[in-house]
Amino acid sequence: MNQIIQDYTTKEKLNILADAAKYDVACTSSGSDRRGKKGFLGNAEAAGICHSFAADGRCISLLKILMTNHCMYDCKYCVNRVSNDIPRATFTPQEICEITIEFYKRNYIEGLFLSSGVLKNPTYTMEKMCETLLLLRNQYKFNGYIHVKTIPGAADELLATAGHLADRISVNLELPTQESLEKLAPNKSFQTILDPMEKVRDTIAAHRMAIGKDAKFERSGTNRYLENSIFAKNRLVTKEEQIAIGTSEGKKEIAPYGMGKLTRSFAPAGQSTQMIIGATGETDYTLIQTTQKLYQNYDLRRVFYSAYIPINEDSALPALGTAPPLLREHRLYQADWLLRFYGFQSDELLSEDRPNFNENVDPKCDWALRHLGLFPVEVQTAPYDLLLRIPGIGPKSANRIYHARRYGRLDFDTLKKMGVVLKRAHYFITCNGKQMFHTPIEEQYITQHLTMVNQKENWQVAHSNESYKQMTLMDFGVG
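Right, let's walk through the structure included here.

Per the stated rule, a full pass over the model turns up 16 salt bridges. A salt bridge links K188 to E174; the nearest nitrogen and oxygen atoms lie 3.8 Å apart. Linking K188 in the loop between α5 (178–184) and α6 (190–210) with E174 in the loop between β8 (168–170) and α5, this pair joins segments that are 14 residues apart in sequence. The class for K188 is partly exposed, based on a relative accessible area of 22%.

Structure, rendered in structure tokens:
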């Protein structure tokens, strides 16, 4: 039975609800760039959220709270499940506004990340969250960054209202397959999660097209040399597919209730979602396939991964005391970067025969080791797209190589000055026909040496929950 206490002070509520929010990731502010406005408080410059490290190693916003940790659902992985006997609290919209403004004035925060358990029902909860955002924007004139996690199953009008008031809007997928969702969250379904994602996608696309922009967010604008590359077929979407998202028949745009005069853009920082890693037995291949489909079909700005921390005792979950898969989470984020900005496809990175990344090396190295027939690559003549796929070479260094080699021959010292990470790259490249060292192009040999190179970094990531402690409001003298 839940421990419910009605007379918590605001500070006590804050301690309960800020702590309960630390398992909800995706607290980034990239994508929204709104300058200060006369008569309003704050702005939403890109990267406008302050962050700290949670006890489990995640980077979180200083003001990341739940509106309530009461919840009608009994998701097995969630600390706020209805069957857990924990302290419960609920903020009023006014309290959230006052805390946000007071913290902003004290320079503790630059924005708000608001999520919630499901109180009474999805529509009631979403009404209270929208009421909070309306107060914050209109009465308190808060112009800063807001990221809101929406409640699947709430009315379309409330979803639209949240999108018009927040910078980024999220609908959490939680688990990558319907089977896992049925096993751990029997009150939820894929359809109730994907339907609002689709409506948000179409509404964002309509707003972008109305102001003359592409319907779909551009993901690889810096990689213009990929247009006609040998890997061009592996781009996430074509330009025609981008436009189709905003013009297809049967699109599901949504309109806010009672907000006809509102002139704000709809979710200018886009939408995102979160998947829990390690609570169920999906392979990395399944996870990145789901990720790629979400990017392609729902135009998400980010898919976030949350390494599962065993907090509930249940036969369907990893045992209490099991270490969170933080290194695996780290590799999935790196693979996500390859999908979004390097032109990789999930079927290239992994396969049914080899469905998991080697956690000892980063996914780009793992891919290269599985495709040693392409290497070594001559940096003096290789096309841009192939340069970009060499471990240790990123977009900036690939651009520098591409331009510099027109004017003379490159050597390894020059590559290092250009930003190439030679401790990874030298296994896979030649300069003027020569390797940096006489390295055998052999998977086991290179894997062993790359593992030694990454040993310290891997240990730090895997033990990051021991290296960092959760910052509390007391660290800022609050209380």
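Turning our attention to the environment of L450. Following the sequence through the fold, L450 ends up in helix α16 (residues 443–462). In this structure, the C-alpha to C-alpha distance between L450 and K423, residues 27 residues apart in sequence, is 8.2 Å. If near-sequence neighbours (up to four positions away) are discounted, L450 is found in contact with N360, V361, C365, L369, K423, R424, Y427 and F428.

Turning our eyes to something else, we now look at the nonpolar core. It is characteristic of soluble globular proteins that their nonpolar side chains tend to be buried jointly. Of all hydrophobic cores here, the largest spans 116 residues; its most connected members are Y77, L349, I390, L415 and F428. Apart from the residues lying within four places of it in its own chain, the contact partners of L415 are V379, I401, L410, V420, L422, I429 and C431.

Before going further, it helps to examine empty space enclosed by the protein. This structure, assessed with the given rule, holds 1 cavity of 30 Å³ or more. Of the volumes computed, that of the largest cavity is approximately 40 Å³. Taken together, I276, I277, G278, A279, T280, E282, L287 and R328 form the lining of the largest cavity. The residue makeup of the lining of the largest cavity, split by class, is 4 nonpolar, 2 polar and 2 charged.

Moving on to the side chain of D167. Within the secondary structure layout, D167 lies in the loop between α4 (156–165) and β8. A distance of 3.1 Å separates the side chain of D167 from the side chain of R137, its partner in a polar contact.

This next bit is on unusual backbone geometry. Here the residue pair F375 and P376 is connected by a cis peptide bond, since its omega of 0° sits within 30 degrees of zero. Among the secondary structure elements, P376 is positioned in the loop between α11 (363–370) and β11 (377–378). The phi dihedral of E174 is positive, around 75°, even though this residue is not glycine.

Attention now goes to the sheet that holds strand β4 (residues 64–66). The strands making up a sheet associate through backbone hydrogen bonding, with each pair oriented either parallel or antiparallel. The parallel open sheet is built from 6 strands, whose spatial order is β4-β6-β7-β8-β9-β10. Each end of this open sheet is capped by a strand with a single partner; those strands are β4 and β10 (302–307). In this sheet, neighbouring strand axes are inclined to one another by 25° on average, regardless of whether the strands run parallel or antiparallel. For strand β9 (residues 271–277) and β10, the ladder comprises 6 bridges, and the chain directions are parallel. In the strand pairing of β10, I276 is matched with S306. Contacts from helix α8 (residues 284–298) reach β9 and β10 within the one sheet, and its direction differs from that of β9 by about 170°.

Position of Q178 relative to the elements: it lies in helix α5. Under the relative-accessibility criterion, Q178 is labelled partly exposed at 24%. Ignoring any residue separated from it by four or fewer positions in sequence, one finds Q178 in contact with S189 and F190. At 3.2 Å, the side chain of Q178 forms a polar contact with the backbone nitrogen of F190.

It is worth spelling out the packing of aromatic side chains at this point. The final tally for this structure, using the stated rule, is 8 aromatic pairs. A ring pair is formed by F344 and W367, whose centres lie 5.2 Å apart and whose planes are at 80°; its orientation type is edge-to-face. Taken as a pair, F344 in the loop between α9 (326–341) and α10 (346–349) and W367 in helix α11 lie far apart in primary sequence, 23 residues in all. Each member of the pair, F344 as well as W367, carries the same accessibility label: buried. Taken together, a centroid distance of 6.1 Å and an interplanar angle of 90° make the contact between Y384 and Y402 edge-to-face. Linking Y384 in helix α12 (residues 384–388) with Y402 in helix α13 (residues 395–404), this pair joins segments that are 18 residues apart in sequence. Residue Y402 is classed as partly exposed on the basis of its relative accessible area of 23%. Members of the aromatic cluster, joined through ring pairs, are F344, W367, F375, Y427 and F428. Over the ring of F304 we find R302, and its NZ or CZ is 4.7 Å from the ring centre.

Conventions we followed
- Residues numbered from 1 in each chain as written.
- Predicted model: local features only at pLDDT ≥ 70, side-chain atom pairs only at ≥ 80, totals over all residues.
- Heavy atoms only, no water.
- Salt bridge = Lys/Arg side-chain N within 4 Å of Asp/Glu carboxyl O.
- Helix = DSSP H or I, 4+ residues; strand = E, 2+ residues; numbered from the N terminus.
- Buried < 20%, exposed > 50% of the residue type's maximum accessible area, 1.4 Å probe, protein only.
- Contact = heavy atoms within 4.5 Å.
- Core = buried A, V, L, I, M, F, W, Y, C linked by side-chain atoms within 4.5 Å.
- 1 Å grid on protein atoms, 1.4 Å probe; cavity = no way out; pocket = protein on both sides within 12 Å on 5 of 7 lines; lining within 4 Å.
- Points joined across faces, edges and corners; volume = space filled by probe spheres on them.
- Nonpolar A, V, L, I, M, F, W, Y, C, P; charged D, E, K, R; others polar.
- Polar contact = N/O pair within 3.5 Å; in protein donor to acceptor, adjacent residues only side chain to side chain.
- Pairing = 2+ DSSP bridges.
- Axes fitted to C-alpha atoms, helices over the stretch in contact; angles between N-to-C directions.
- Phe/Tyr/Trp six-rings, centres within 6.5 Å; stacked < 30°, edge-to-face > 60°.
- Lys NZ or Arg CZ within 6 Å of the ring centre and 35° of its normal.

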